[in-house]
Amino acid sequence: MASKKNGPTIAIDGPAGSGKSTISKLLARHFGFKLVDTGAIYRSLALWALRRGLAPQESPELLALAESAKVDFAWDGEINRVFLNKEDVSAEIRTEEISAASSCFAALPMVRGALLARQRSLAEEGSVVLEGRDIGTVVYPDAEFKFFLEASPEVRAERRIKELKAKGLPADNVLADIIARDKRDRERAVAPLKAAEDAIIIDTSHMDITTVLNKMIGHITINMGG
Ligand code: DC
């Protein structure tokens, strides 16, 4: 296949808590690829909008932010740091408040449209892992490899509670929050969370990270053409 790309694009979609972030990171590091965490792009926009006092509804002010937001990624050892207009927002975008708000902003067609071109151009570069909700279906349906990770809401809540406790943070309403966010992400009109028809679906509920990772690495290596 003639292509100007410098390597394959790997799309990894799925809900929060499916193991997607951890696995995307390990996979990107295994192949020496760039990692584009598209959720962090929505989170950064939500952070910026909230700082400006904007509500999650379509407005000219929100469009201006979405069109001018510059979100970049850079490896810092094991950490894939996230920069919003050059400011390191890696920690600030991970609060529960931003988790909930980002899903509301991400439901707006205006926001999705404004953030699409940048994600697509990163996907077109190749040698990249993109993780999100709609990479295989909307952002880059031509991805050479598409995976959709899932796990039951109960297992995902347990994983999140463990993470919060390890950080000494309160872990209330986690299951209810996961169910509410899933519902918003799956039922929105534009680019809802769903597996592409040609995606490999992996249920990680009862699998450890290494097993999932090895399965994916095996599949990619065999099909990368040497
Ligand atoms: O993956 P995450 O939890 O960091 O994503 C934060 C929110 O952004 C999530 O609720 C859904 C939304 N999102 C999206 O709609 N499309 C993407 N490609 C990535 C994230």
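This one's a predicted model, so the numbers in the text were calculated from it and none came from an experiment. (Residues numbered from 1 in each chain as written. Predicted model: local features only at pLDDT ≥ 70, side-chain atom pairs only at ≥ 80, totals over all residues. Heavy atoms only, no water.)

Let's shift gears to the site of the ligand. Around the ligand sit 16 residues in total, of which Arg-43, Arg-112, Arg-133, Asp-134 and Arg-188 are the nearest. Within the side chain of Thr-38, one N or O atom sits 3.0 Å away from a nitrogen atom of the ligand. One nitrogen or oxygen atom from the side chain of Arg-43 is found 2.6 Å from an oxygen atom belonging to the ligand. At the level of secondary structure, the elements contributing two or more residues to the shell around the ligand comprise helix H2 (38-51), helix H4 (96-106) and helix H8 (174-187). The biggest single contributor to the shell around the ligand is H2, with four residues. Tallied by class, the residues present in the shell around the ligand amount to two nonpolar, five polar and nine charged. (Near = heavy atom within 4 Å. Polar contact = N/O pair within 3.5 Å; in protein donor to acceptor, adjacent residues only side chain to side chain. Helix = DSSP H or I, 4+ residues; strand = E, 2+ residues; numbered from the N terminus. Nonpolar A, V, L, I, M, F, W, Y, C, P; charged D, E, K, R; others polar.)

On the secondary structure map, Lys-20 appears in helix H1 (residues 20-31). At 3.4 Å, the side chain of Lys-20 and the backbone oxygen of Gly-132 are in polar contact. Those residues within four positions of Lys-20 in sequence are excluded, and the remaining contacts are Ile-12, Asp-13, Gly-14, Pro-15, Glu-131, Gly-132, Arg-133 and Leu-149. (Contact = heavy atoms within 4.5 Å.)

On to the pattern of salt bridges, then. The full count for this structure, using the stated rule, is 19 salt bridges. Two residues, Asp-134 and Arg-112, come together in a salt bridge whose shortest N-O distance is 2.9 Å. Of this pair, Asp-134 sits in the loop between strand S6 (128-132) and helix H6 (135-139) while Arg-112 sits in helix H5 (residues 109-125), and the two are 22 residues apart along the sequence. For Asp-134, a relative accessible area of 3% corresponds to the buried category. Given a relative accessible area of 6%, Arg-112 falls into the buried group. A salt bridge links Asp-182 to Arg-186; the shortest N-O distance between them is 3.9 Å. (Salt bridge = Lys/Arg side-chain N within 4 Å of Asp/Glu carboxyl O. Buried < 20%, exposed > 50% of the residue type's maximum accessible area, 1.4 Å probe, protein only.)

This part takes up the sheet that holds strand S4 (residues 79-84). Taking strand neighbours across the sheet as the criterion, the three strands line up as S3-S4-S5 in an open arrangement whose pairing is antiparallel. Every interior strand has two partners, whereas the edge strands, strand S3 (71-76) and strand S5 (87-88), have only one. (Pairing = 2+ DSSP bridges.)

Right, let's get into the sheet that holds strand S2 (residues 34-37). As summarised here, the arrangement of the five strands in space is S2-S6-S1-S7-S8, forming an open sheet in which the pairing is parallel. At either margin of the open sheet sits one strand with a lone partner, and together these are S2 and strand S8 (200-203). Sheet twist, expressed as the mean angle between neighbouring strand axes with direction ignored, is 20°. Two strands pair when backbone bridges link them, and strand S1 (residues 9-13) and strand S7 (residues 145-150) are joined in this way by four bridges, in the parallel orientation. In the strand pairing of S7, Ile-12 is matched with Phe-147. Most of the contacts of H5 go to S6, to which it runs at about 145°, and overall it touches S1, S2 and S6. (Axes fitted to C-alpha atoms, helices over the stretch in contact; angles between N-to-C directions.)

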